[in-house]
Number of protein chains: 2
Amino acid sequence: MSIKDIDLAAINTIRFLSADAIEKANSGHPGLPMGAAPMGYVLWNKILNHNPGNPDWQNRDRFVLSAGHGSMLLYSLLHLTGYETPSLEDIKQFRQWGSKTPGHPENTVIPGVEVTTGPLGQGFANAVGLACAERHMAALFNKPDFSIVDHYTYCLVGDGCLMEGISNEAASLAGHLGLGRLIVLYDDNKISIDGATDLSFTENVTGRFEALGWQVLEVNAGDTDLAAIEAALNTAKATTDKPTLIRVHTTIGYGAPKKQGTSGCHGSPLGADELAATRKALNWTFGPFEVPSEVRVHMEQAKADGAQKENDWNALLDAYSAKYPEDAALYKRHISDEMPPGWADTLPTYTPDDKPAATRGQSGLVLNELARHFKGLFGGSADLAPSNQTLIKSRGDFQKNSYENQNFRFGVREHAMGAICNGIALHRSGLIPYCATFLVFADYMRNAVRMSALSEAGVLYIFTHDSVAVGEDGPTHQPVEHVASLRLIPNLSVIRPADGNEVSGAYKIAVATRNRPTALILTRQNLPQLAGTSVDAVAKGGYVLRAAEGAADMILIGTGSEVHLCVAAAEKLAEEGIQAQVVSLPSWDLFEAQSSEYKESVLPKAVAKRLAVEAGSHFGWGRYVGAEGDVISNDEFGHSGPGDICMQNRGYTVENIISRAKSLLNK
Amino acid sequence: MSIKDIDLAAINTIRFLSADAIEKANSGHPGLPMGAAPMGYVLWNKILNHNPGNPDWQNRDRFVLSAGHGSMLLYSLLHLTGYETPSLEDIKQFRQWGSKTPGHPENTVIPGVEVTTGPLGQGFANAVGLACAERHMAALFNKPDFSIVDHYTYCLVGDGCLMEGISNEAASLAGHLGLGRLIVLYDDNKISIDGATDLSFTENVTGRFEALGWQVLEVNAGDTDLAAIEAALNTAKATTDKPTLIRVHTTIGYGAPKKQGTSGCHGSPLGADELAATRKALNWTFGPFEVPSEVRVHMEQAKADGAQKENDWNALLDAYSAKYPEDAALYKRHISDEMPPGWADTLPTYTPDDKPAATRGQSGLVLNELARHFKGLFGGSADLAPSNQTLIKSRGDFQKNSYENQNFRFGVREHAMGAICNGIALHRSGLIPYCATFLVFADYMRNAVRMSALSEAGVLYIFTHDSVAVGEDGPTHQPVEHVASLRLIPNLSVIRPADGNEVSGAYKIAVATRNRPTALILTRQNLPQLAGTSVDAVAKGGYVLRAAEGAADMILIGTGSEVHLCVAAAEKLAEEGIQAQVVSLPSWDLFEAQSSEYKESVLPKAVAKRLAVEAGSHFGWGRYVGAEGDVISNDEFGHSGPGDICMQNRGYTVENIISRAKSLLNK
């Protein structure tokens, strides 16, 4: 076949690469790649600034496939524009164990995939985060005569993304912040899994986004009108004061004679007959996985173009470095994730003579101290800044006209907050995102936290008000199961410090861990500063806070606000001749990473009488207390009442610890 | 003081009751009650159909305080209109342990509180659920000449509620469904905890809601213009084809000279001086907790009016019963939550000769069977109906012009879906709400699930695709920690059935449990029908599925899709002379509720060698396997690949169970 219309041929190549891979895998979503191939092609061929030879080029445009089920669209584009992965062989291994082409795009598997997507709406909010990171870095480092940070963020969403609440949260913020370099392509195909979107989604999307402060453009013939797609993208790029949503009306599964325009091609392979019929309908004479050589040449031009773009940018950066050497040095430190020298030397430390304090307050002190060292500390709270103590006092608010500032006002939007922080982290420009809410509302953002862990995004989650000690706000605001539920998430570090030293220690390890998120679990109420706590011990997850005199009769294990109760109980038990070793165990995951020798030194097997004390669920404690142990836990919903009463009524008192310890010893 | 303006006096009574209670508690949120007192008063005094003498009157209007932190507004209104609780003494006990006036309204504590609120946005979605329940019941039971179900649902929201994504999801659905009897008062006071809403919330709310299909009305002088509030409410009531949002512009903390209009009165008591100054500013000469007798008489008129309204309705119901005795009998059965006779007798049962099947498919069969018995089965999926198998084939879609139908198309809106189902359950009209998504996306709706449990709402959560056996969709879609994380939620029943009989058994107990939510954990993949499973055994949570011949050497414990592997392993072990008892443990919480004798019979202490097998986190299994036990668990994120490969690579094979069992025996 000779290629007359290279654009159309390229688009059909994307369509068939996608459909062929899905057919071979006997699993996947052909509808989106076939329908969105024209917009994907126009964006990647004519608009996107990227360098296939270096997926990590810092000033590349970012592209997020929020509708991650359409992964074959992205894999086809990466392959055809000349990225090393996925190869054609990789594409033939679509959705197979260990392949470079998983069912949904994973940033940890394929260079060129910016963020991991699949759970709908997450990618949209990630894109908002990427766009925030770009504006922030630009404001920090650009000069009137140098724009070294000036890329766009593109995102492709489907109906599902726009139905999810997280996308409305993120869109409202994006409009508020006037993120002019954020451009979202909406694959408006009127079909979701259940059928036509008129089953449940008949709102006026254009009106909603305009109300949220967006420019909305429309492409009526999105299956064929490439010029209109390109024009809309250029209009969007030229609009600098607000984000743009481009509604591209498409036909899902375009080209499949029987299935196009139906939910039948959303989430299942076309089937051999329909795929053959599609080839016929689109006059496509190439075989499975065949890429016409003209298309390959045409699309791979992106490699040379991209190399040139990066070279030009490098030259710009050199000139910038010559004129602004200090800024350039800082910028380079940023993008290499290098820690500033001495950053951890000035973390606050405490002695028992220091006043009792809430760990949330100590967290605020640490954040403010860290901000002196890290220009890139960037975050805030979901409208609980005074409660979460997250304001950096030396800095202003990150707003439309002050992108250089670091205090991010997320509003009451926990889910988008988490996903935006994922985008900031995965911008990989040295920014350290943090975000905060009450621990109980970690539930509102749980999938975003999971996505941090899965995509290795080093977000700091600051969860305060961490037990029934929250008090009067009652059971809706009192976490019970939340610490345990966070410990369940793979690759999430969870740290519940016991006092000021442990707070500093928690930050020391969390900030240094850039490829893994950390959840800091902090109190509302004041806690005493303990003897024996230390900044560095936290990195081990657990340590002996109070050794027994001679052989220990038992071990008391506490975390966070219960550690000081354990210490007090141990002292009283000692007066009665019972020797209890007290272990502070702020982080199970960090402790598990220690050597078995170290773990044995903290929790010696010989001491089987163990009592754990934690104001939360008993789940998982069996690992540490063993068969002969016991746990003072809280497995029921709380009650409204003063916090100290709530704690007492749940058994978090020195007296109860002593009593339970004695029962244990007498068993 | 003589009362000249009784309306104003009543409003100020609400303001000061609220501020006084918060002052006494030294904790709470005075800003909302003081600012929203006028709209609260107009609604409750002039509009709301309710009967303070019978908070459970079935056809009452429902009122939801979505901004639950303003609880003192609701408590004041309940008290002043003559509800038995809260008494003045109860109000003086605001936020104290064991009081009837917790920090946030709890439906399980005070009659007249329809739903538990506090986590922002939940109440908005609950209200949508209540409004759906009303329309559905009306469509099922009303006749051209009888409207026995015809109440309104009112909701009061703040800025925070409208920032949360859940409210946008719910609002989009409410607009789509044209819920004309849903009226939301928006306390538009421009202040949230962080400060002015222009920090993060500058969208055009009116435009957004209009785009979502709502009527939006505006009251400019919401602090004083009672006539405008009343007129807007009446306009809203008269609009039958779409829900209404009434933007009421108010001053937070109205009357407090220094703090009104600032975030300073959002979440803290006014303080004695400011409270005194407020009394002066509003010319309020009454003491703390003093209710002017004229105000009491005026407000308590609601009692007599309400009794009359209920009497009139009872007469209507009598006339309806006379003319439509069968419908009336069914209606009365509905509202008394009575189970239809024989409903559980026709649940599907299976023998090992029956074909392997996915438990999600068997769940679909049960739902369809139950629908023959329960007219009030009402629910659906978040756009995964074909995957979750939730469609009731004999019924149509619940839509704007077909409210009588039972299949609810939630769209991709998991969080609102859960909260809407809470509203349907707490309508307490005998409807049995169910909702479904992939198990991994339980994370999107986690707070709604928690609120079901806390508010004792008997929602059925149908979570399918329950392990890495999901396969090709990869780690974003493969649950790992989710079963464990659901088991953590107090008062949530979690059941993971092993085959068709256990699916029927799971529904049998879940449907009969109307004051507690149940999460059903179901497979995507086919499972064999096992010998020894039974419908009734599930109610005990766990049971011996395969007894050992003679004394057991060990116990194999499985749940769901791993049970058949345990059985097969036990059979092979028996060939080698190793006697393994196999326990199917579909529900930990149901098992824990059994007698210790029963539990001992299933898991005899004498058999310490125990191997649990579950395709999910190991957390919590220590309770059942003990110190000498082991767990074949999956604690890491999954990978994209065929489901059977994913399971094999994680050790879910008969061979691995045998190998681990032998290791255990040789330890």
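What you see is a predicted model, and the numbers here were worked out from it, not measured in a lab. Going along each chain's sequence as written, the residues are numbered from 1 onward. Chains and ligands are labelled sequentially in the order written, the chains with letters from A and the ligands with numbers from 1. Two thresholds apply to this predicted model, a pLDDT of at least 70 for residue-level local features and 80 or more for giving and counting side-chain atom pairs, whereas whole-chain, interface and lining totals are computed over all residues. For side-chain calculations, the full set of non-hydrogen atoms in the structure is used, while hydrogens and water are omitted.

Chemist: Would you explain helix α11 (residues 293-323) of chain B in this entry?
Modeler: Because an α-helix packs 3.6 residues into every turn, residues spaced three or four apart end up facing the same way. Residue and element names in this part refer to chain B. Secondary structure elements follow DSSP: runs of H or I no shorter than four residues count as helices, runs of E no shorter than two count as strands, and numbering proceeds from the N terminus. Expected span, for any helix, means 1.5 Å times one less than how many residues it has. Given a rise of 1.5 Å per residue, 31 residues ought to cover 45 Å, and the 46 Å separating the end C-alpha atoms of α11 matches this to within 8%. Listed in full, the buried residues belonging to α11 are V295, M299, A302, G306, E310, W313, L317, Y320 and S321. Residue contacts follow a heavy-atom distance rule, with two residues in contact if any of their heavy atoms lie within 4.5 Å. In this structure, the buried side of α11 is in contact with α1 (6-25), α2 (31-47), α3 (71-80), α5 (122-141) and α12 (325-335). Only protein chains enter the accessibility calculation, which uses a 1.4 Å probe; a residue whose area is less than 20% of its type maximum is buried, one above 50% is exposed, and one in between is partly exposed.

Chemist: What is the right way to read the sheet that holds strand β20 (residues 610-613) of chain A from this model?
Modeler: The pairing of strands in a sheet happens through backbone hydrogen bonds and is either parallel or antiparallel. All names here are of chain A. With mixed pairing, 5 strands are arranged side by side in an open sheet as β17-β19-β18-β20-β21. The sheet is open, and its two edges are formed by β17 (543-546) and β21 (630-632), each paired on a single side. For this sheet, the mean inter-axis angle between neighbouring strands, taken without regard to orientation, is 30°. Two strands pair if DSSP finds at least two bridges between them. Axis lines are fitted through C-alpha atoms, for helices just across the contact stretch, and the angle between N-to-C directions can take any value from 0 to 180 degrees.

Chemist: Even after reading the chapter, I still don't get the relation of the copies chain B and chain A, so can you show me in this structure?
Modeler: The copies were overlaid by least squares, fitting only the C-alpha atoms of residues that reach a pLDDT of 70 or more in each copy. For the pair chain B and chain A, the best superposition has an RMSD of 0.0 Å and corresponds to a rotation of 180° with a translation of 0.0 Å parallel to the axis. Taken together, the rotation angle and the small translation identify this as a two-fold axis. No C-alpha of chain B lies nearer the rotation axis than that of G165 of chain B, which sits 1.8 Å from it.

Chemist: Which parts of the structure should I look at to understand the packing of aromatic side chains?
Modeler: To describe a pair of aromatic rings, you give the distance between the ring centres and the angle between the ring planes. Side-chain rings of Phe, Tyr and Trp, where Trp is taken by its six-membered ring, are said to pair if the distance between their centres is within 6.5 Å; with planes under 30 degrees apart they count as stacked, over 60 as edge-to-face, and otherwise as tilted. Under the definition given, this model contains 60 aromatic pairs over all chains. Measuring from ring centre to ring centre gives 4.8 Å for W588 of chain B and W621 of chain B, while their planes differ by 80°; the resulting arrangement is edge-to-face. With a gap of 33 residues between them, W588 of chain B in helix α20 (residues 588-592) and W621 of chain B in the loop between β20 (610-613) and α22 (622-625) connect regions that are remote in the sequence. Assessed through its relative accessible area of 0%, W621 of chain B is described here as buried. Members of the aromatic cluster, joined through ring pairs, are W588, F591, Y598, W621 and Y624 of chain A together with F619 of chain B. Its guanidinium or amino end placed over the ring of W588 of chain A, R487 of chain A lies 3.8 Å from that ring's centre, counting from NZ or CZ. Over the ring of Y324 of chain B we find K143 of chain B; its NZ or CZ atom is 4.9 Å from the centre of that ring. Counted as over-ring charges are cases with an Arg CZ or a Lys NZ within 6 Å of the ring centre that also lie within 35 degrees of the ring normal.

Chemist: Got a minute to help me understand the environment of L275 of chain A in this structure?
Modeler: Residues and elements named next belong to chain A. Of note, L275 is situated in helix α10 (residues 272-281). Distance from L275 to W214, taken between C-alpha atoms, is 39 Å for residues 61 residues apart in sequence. Excluding its chain neighbours within four sequence positions, the residues that come into contact with L275 are F16, A19, D20, E23 and L270.

Chemist: How should I be thinking about the confidence of the model for chain A in this particular structure?
Modeler: The predicted coordinates ought not to be read in detail in places where the model reports low pLDDT. The pLDDT value expresses, per residue, how confident the predictor is, ranging between 0 and 100. Residues with a pLDDT of 70 or more make up 100% of chain A, whose mean pLDDT is 97. The ipTM assigned to the predicted complex is 0.98, against a pTM of 0.98.

Chemist: Looking at this structure, how should I read the side chain of E169 of chain A?
Modeler: Along the polypeptide, E169 of chain A turns up in helix α7 (residues 165-177). For the buried residue E169 of chain A, which engages in no salt bridge, the nearest side chain bearing the opposite charge is R413 of chain A, 6.2 Å off. Discounting residues that sit within four places of it in the chain, E169 of chain A has contacts with R413, E414, H415 and A416 of chain A together with M163, E164 and G165 of chain B. Charge assignment in this entry is limited to Lys and Arg as positive and Asp and Glu as negative, and neither His nor the chain termini are counted. The term salt bridge refers to a pairing of a side-chain nitrogen on Lys or Arg with a carboxyl oxygen on Asp or Glu at a separation within 4 Å.

Chemist: Even after reading the chapter, I still don't get the interface of chain B and chain A, so can you show me in this structure?
Modeler: It is common to report an interface's size as the accessible area lost on association of the parts. Contact residues are listed per partner, giving 97 residues for chain B and 97 residues for chain A. Between chain B and chain A, roughly 8,000 Å² of surface is buried when both sides are summed, and carbon and sulfur atoms account for 58% of that area. Counting across the chain B and chain A interface gives 8 salt bridges. Of the charged contacts, one joins D194 of chain B and R409 of chain A as a salt bridge, the two residues approaching to 2.9 Å between their closest N and O atoms. In the analysis that follows, any N or O atom pair within 3.5 Å is treated as a polar contact, provided that within protein one partner can donate a hydrogen and the other can accept it, and provided that, for residues neighboring in sequence, both atoms belong to side chains. Where chain B packs against chain A, one counts 52 residue pairs in polar contact (both at pLDDT 80 or more). Of all the elements in the fold, those that place two or more residues in the side of chain B that touches chain A are α6 (159-163), α7 (165-177), α8 (205-211), α14 (385-388), α15 (414-426), α16 (446-454), α17 (482-487) and α23 (643-649) of chain B. In this classification, Asp, Glu, Lys and Arg are treated as charged, Ala, Val, Leu, Ile, Met, Phe, Trp, Tyr, Cys and Pro as nonpolar, and every other residue, Gly included, as polar. Within the side of chain B that touches chain A, the residues separate by chemical class into 37 nonpolar, 37 polar and 23 charged. Here the quantity called buried area is the total loss of accessible area, with a 1.4 Å probe, experienced by two parts when brought into contact, counted for both.

Chemist: Just to check I follow, could you spell out the sheet that holds strand β17 (residues 543-546) of chain B for this structure?
Modeler: All names here are of chain B. With respect to topology, 5 strands assemble into an open sheet ordered β17-β19-β18-β20-β21, the strand pairing being mixed. With one partner strand each, in any of the chains shown, β17 and β21 (630-632) form the two edges of the open sheet. Put simply, the sheet's adjacent strands are angled 30° from each other on average, direction ignored. Alignment of strand β18 (residues 554-558) against strand β19 (residues 580-584), held across 5 bridges, turns out to be parallel. Each bridged residue has a counterpart across the sheet, and for L556 the counterpart in β19 is V582. Lying on the sheet, helix α19 (residues 563-575) is in contact with β17, β18, β19 and β20; it crosses β18 at an angle near 160°.

Chemist: Any chance you could explain the pattern of salt bridges here in plain terms?
Modeler: Note that side chains of opposite charge can pair when their charged atoms are close. Using the criterion set out here, one finds 56 salt bridges over all chains in the structure. Between D473 of chain B and R95 of chain A there is a salt bridge, with the nearest N and O atoms lying 2.7 Å from each other. Of this pair, D473 of chain B sits in the loop between β13 (460-464) and α17 while R95 of chain A sits in the loop between α4 (88-92) and α5 (122-141), each in a different chain. Across the pair, R95 of chain A and D473 of chain B agree in class, each one buried. Taken together, the salt bridges that share partners define one network made up of D188, K190 and R247 of chain A.

Chemist: Got a minute to help me understand the domain arrangement of chain A in this structure?
Modeler: All names here are of chain A. Where each domain begins and ends is defined by an automated method or by a domain database. According to the domain assignment, chain A contains domain 1 (3-123 + 149-305), domain 2 (357-527) and domain 3 (540-666). Its C-alpha centre places domain 1 at a distance of 33 Å from the equivalent point of domain 2. In this assembly, 21 residues from domain 1 lie in contact with 23 residues from domain 2. Interface area lost by domain 1 to domain 2 is led by Q122, L173 and L177, which between them contribute 30%. At the surface where domain 1 touches domain 2, the tally comes to 0 salt bridges. At the junction of domain 1 and domain 2, the tally comes to 13 residue pairs in polar contact (both at pLDDT 80 or more). When residues of the side of domain 1 that touches domain 2 are assigned to their parent elements, the largest contribution, 7 residues, is made by α7.

Chemist: Where do I start with helix α15 (residues 414-426) of chain A in this structure?
Modeler: Taking 1.5 Å per residue, 13 residues should reach 18 Å; α15 of chain A reaches 18 Å between its end C-alpha atoms and fits that length. R428 of chain A sits one or two residues past α15 of chain A and shows a positive phi near 50°.

Chemist: Would you mind showing me how to read the layout of surface pockets here?
Modeler: Once rolled over the atoms, a probe with the size of a water molecule shows which space is left empty. Residue and element names in this part refer to chain A. If you add up the space inside the largest pocket, you get close to 1,400 Å³. A cavity here means a set of 1 Å grid points, computed over protein atoms only, where a 1.4 Å probe fits but cannot escape. A pocket is an open set with protein on both sides within 12 Å along at least 5 of 7 lines, and lining residues have an atom within 4 Å of a point. Lining the largest pocket are 40 residues; nearest its centre among them are G622, R623, Y624, G626 and A627. The element best represented in the lining of the largest pocket is helix α22 (residues 622-625), accounting for 4 residues. A per-class count over the lining of the largest pocket returns 14 nonpolar, 12 polar and 14 charged. Grid points are joined across faces, edges and corners, and a volume is the space filled by probe spheres set on the points.

Chemist: Could you clarify how one ought to interpret the side chain of H176 of chain A in this entry?
Modeler: Inspection of the secondary structure puts H176 of chain A in helix α7. Here the side chain of H176 of chain A touches T202 of chain B through a polar contact of 2.8 Å, side chain to side chain. When near neighbours in sequence (up to four residues on either side) are disregarded, H176 of chain A contacts L212, Q399 and K400 of chain A together with D198, L199, S200, F201 and T202 of chain B.

Chemist: How do you make sense of the packing of α7 of chain B against α15 of chain B when you look at a structure like this?
Modeler: In a pair of packed helices, the angle between the axes and the distance between the axes together describe the arrangement. Residue and element names in this part refer to chain B. Interaxial distance between α7 and α15 falls to 8 Å at its minimum, and their mutual angle equals 70°. Judged by the angle between their axes, α7 and α15 are roughly perpendicular. Where α7 abuts α15, its residues I166, E169, A170 and L173 lie against E414, H415, A416, A419 and I420. In the contact of α7 with α15, the residues fall into 6 nonpolar, 1 polar and 2 charged. For classification, angles of less than 35 degrees are called roughly parallel, those exceeding 145 degrees roughly antiparallel, those between 65 and 115 degrees roughly perpendicular, and all remaining angles oblique.

Chemist: I'm lost on unusual backbone geometry in this one. Help?
Modeler: Trans peptide bonds make up the majority, and among non-glycine residues the majority have a negative phi. Residue and element names in this part refer to chain A. Going from T85 to P86, the amide bond is cis rather than trans, its omega being 0°. With respect to the helices and strands, the residue P86 is situated in the loop between α3 (71-80) and α4. With a phi angle near 55°, N26 is a residue other than glycine that sits in the positive phi range. Of note, N26 is situated in the loop between α1 (6-25) and α2 (31-47). Judged by its relative accessible area of 59%, N26 is exposed.

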